[in-house]
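Report on the structure
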Protein chains: 2
Amino acid sequence: MSIIPLYRVDTPHPQAQACAACSVRGQSLFGALDRAGLDYIHASIDSIRLQPGKTLFEAGVRGAVLYTLREGIVRFERVTERGDRRIVRLAGRGDLIGQEVLLRRPYADDAVACTPAQLCRIPAHLVDGLCSQNPALVRELMLRWQRALEDSEAWLAELATGPARRRVLRLLHKLMAHTEADGRIWLPQRDEIGAMLNLTFETASRLISQFKREGLIELPDLRHARIDGPALQRALRVEDER
Amino acid sequence: MSIIPLYRVDTPHPQAQACAACSVRGQSLFGALDRAGLDYIHASIDSIRLQPGKTLFEAGVRGAVLYTLREGIVRFERVTERGDRRIVRLAGRGDLIGQEVLLRRPYADDAVACTPAQLCRIPAHLVDGLCSQNPALVRELMLRWQRALEDSEAWLAELATGPARRRVLRLLHKLMAHTEADGRIWLPQRDEIGAMLNLTFETASRLISQFKREGLIELPDLRHARIDGPALQRALRVEDER
DNA sequence: CGAGCCGTTGAGGGGATTCAAGCTCAGTGG
DNA sequence: CCACTGAGCTTGAATCCCCTCAACGGCTCG
């Protein structure tokens, strides 16, 4: 919960200090804000934690809040008319989640935590207010929309094309962008891989096992992998040159 | 080319009148503009015609113009690292094309006319200028970004999933949104269908022929189809309930 | 009239799915 | 303590759907 100051102080609000020191501030939406802007927002922003598998919001709901992802990975998924789940995009550190509420639109997808996640919960009206003052923020928002669009199109072009082996290799490549401090990457469950790449979980399992045998990856635990980067590059080259 | 007036007149500029009367004005980006706004923009906007197969711009290029599609269908495509062409989205009447230039970003995809197309060519700086005056325009822009994002995600979920028959049926369903005045829809070439649905052109051809035999569609000419709507709905139902 | 593009159709092969069984591991309760 | 259970992962065998390769026909253009 946020804290509401009862008296005027000269030092900035503690949450404002926290925002100013935030590890993802430079990459986040509010990176464009100055001290005064931070002072304005701090009181309304809550910090949220989410366990893997927990949903942040559901498609179709008209929400009034959006989120900045400080830590972890969140996936966007939707259920097709045929009834199967399809993961259409991932969000990582610094990404904005649920920006459609700024347009008074319902959430477009389910948003579900893939890993333990930490987020800032931001009321939509807060961003509305800041936008009218701050053109840089508007531009920042548009940039995020464009990035999300390009992500989605790249996903379609690169992760939904070609043989299964190539698709899983490309997924591993993409996941390397979210490498953790200790060099491990998040390895999705087999049925999640299936939902991302349009494969059955058996096929996903076969390929991950195969990569293990080939020495391309190793699994320190069930949810993480270490990837042999150069070997992955080579394997991708082989797939693409044919 | 645009015409620059040499003397001040009381009647609105002819192009401003054309804009005000534009058939897609209500759905277009500048639907949010008033008379004064239209007067401001008219002189810089050119009208463009494009034949099927002609490209409007290429991915990676840093352009300075964006477009409103007045008539026809334009596709966005990109070449995967493996080297095959993949169509990732379609634009129809009233859609905005190339808005990434507003962010000083290179075009994200190739844009190619699918049908004869008419567009308005809009210099990016023009929109920049209007945005600072006109909050409604900013909101309209954001809405378009969000719509494009949702289109792309829906494409991924609905057109890249399931057996080939279902994918082509869903494509026909989607194309019905662009039905022409006489009730015909644009029917892509077989290899275009392949590039949209990740199929070979042979498979696309087989399915279109099959639909013809089933009476689901008829082809008045090679590039157009008439669809039996209820039959299509039934066929989709059958596909989805299994 | 031949060349080239586009569409159609067939035959055969291959890669992913389907169906099925067995495995590990964490949690539960006797 | 350990059987029991269920969820997730792995692996095998058979099937099927789509791709590949190939031939052919219609159409437009030079």
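Model, not experiment: these values are computed from the prediction.

The subject of this paragraph is the protein's contact with DNA strand D. Contacts to DNA strand D come from 18 residues, most closely from Arg190 and Ser205 of chain A together with Ala164, Thr203 and Arg206 of chain B. Of all atoms in DNA strand D that approach within 4 Å of the protein, 64% are sugar or phosphate atoms. At 2.8 Å from a phosphate oxygen of DNA strand D is found a side-chain nitrogen or oxygen belonging to arginine 190 of chain A. Contact distances for DNA strand D include 2.9 Å between a base oxygen and a side-chain N or O atom of arginine 206 of chain B. Listed by contribution, the elements that provide at least two residues to the surface near DNA strand D are α7 (201–213) of chain A together with α7 (201–213) of chain B. In terms of residues, the surface near DNA strand D owes the most to one element, α7 of chain A, which gives seven residues. For the surface near DNA strand D, a count of residues per class yields four nonpolar, six polar and eight charged.

Under the counting rule described, the total for this entry stands at four aromatic pairs over all chains. Geometrically, the ring pair formed by phenylalanine 57 of chain B and tyrosine 67 of chain B is stacked, given 6.3 Å between the ring centres and 25° between the ring planes. With a gap of 10 residues between them, phenylalanine 57 of chain B in strand β2 (residues 55–57) and tyrosine 67 of chain B in strand β3 (residues 65–71) connect regions that are remote in the sequence. Geometrically, the ring pair formed by phenylalanine 57 of chain B and tyrosine 107 of chain B is stacked, given 3.7 Å between the ring centres and 10° between the ring planes. Of this pair, phenylalanine 57 of chain B sits in strand β2 while tyrosine 107 of chain B sits in the loop between β6 (96–97) and β7 (110–113); the two residues are 50 residues apart in sequence, bridging distant segments of the chain. Tyrosine 107 of chain B sits in the buried class, given a relative accessible area of 5%. Through a chain of ring-to-ring contacts, the aromatic side chains of Phe57, Tyr67 and Tyr107 of chain A assemble into a single cluster. Looking at arginine 89 of chain A, its charged tip hangs above the ring of phenylalanine 76 of chain A, at a distance of 4.3 Å from the centre.

Residue and element names in this part refer to chain A. Under the domain assignment used here, chain A contains domain 1 (14–150) and domain 2 (160–240). In total, domain 1 and domain 2 occlude about 930 Å² of area from one another, counting both sides; carbon and sulfur atoms represent 64% of this. Of all residues in domain 1, Arg86, Ile87 and Leu90 bury the most surface against domain 2, accounting for 50% of the area lost on that side. Counting across the interface, domain 1 meets domain 2 through one salt bridge. Glutamate 192 is the partner of arginine 75 in a salt bridge, and the nearest nitrogen-oxygen pair spans 2.5 Å. Connecting domain 1 to domain 2 are four residue pairs in polar contact (both at pLDDT 80 or more). For the side of domain 1 that touches domain 2, the element with the most residues is strand β5 (residues 85–91), which contributes five residues. Broken down by class, the residue content of the side of domain 1 that touches domain 2 amounts to five nonpolar, two polar and three charged.

Residues and elements named next belong to chain B. Three or more residues of helix α3 (residues 124–133) are buried, namely Ala124, Leu126, Val127, Leu130 and Cys131. Buried residues of α3, seen end-on, are gathered within an arc of 150° and therefore sit on one face of the element. Facing away from the buried side of α3 by over 90 degrees, the exposed positions are His125, Ser132 and Gln133. Residues of α3 that are buried make contact with α2 (35–41), β3, β8 (117–123) and α4 (135–159).

Thresholds, definitions, all that
- Residues numbered from 1 in each chain as written.
- Chains lettered and ligands numbered in written order.
- Predicted model: local features only at pLDDT ≥ 70, side-chain atom pairs only at ≥ 80, totals over all residues.
- Heavy atoms only, no water.
- Near = heavy atom within 4 Å.
- Polar contact = N/O pair within 3.5 Å; in protein donor to acceptor, adjacent residues only side chain to side chain.
- Helix = DSSP H or I, 4+ residues; strand = E, 2+ residues; numbered from the N terminus.
- Nonpolar A, V, L, I, M, F, W, Y, C, P; charged D, E, K, R; others polar.
- Phe/Tyr/Trp six-rings, centres within 6.5 Å; stacked < 30°, edge-to-face > 60°.
- Buried < 20%, exposed > 50% of the residue type's maximum accessible area, 1.4 Å probe, protein only.
- Lys NZ or Arg CZ within 6 Å of the ring centre and 35° of its normal.
- Domains from an automatic or database assignment.
- Buried area = accessible area lost by both parts, 1.4 Å probe.
- Salt bridge = Lys/Arg side-chain N within 4 Å of Asp/Glu carboxyl O.
- Arc of directions from axis to C-beta.
- Contact = heavy atoms within 4.5 Å.

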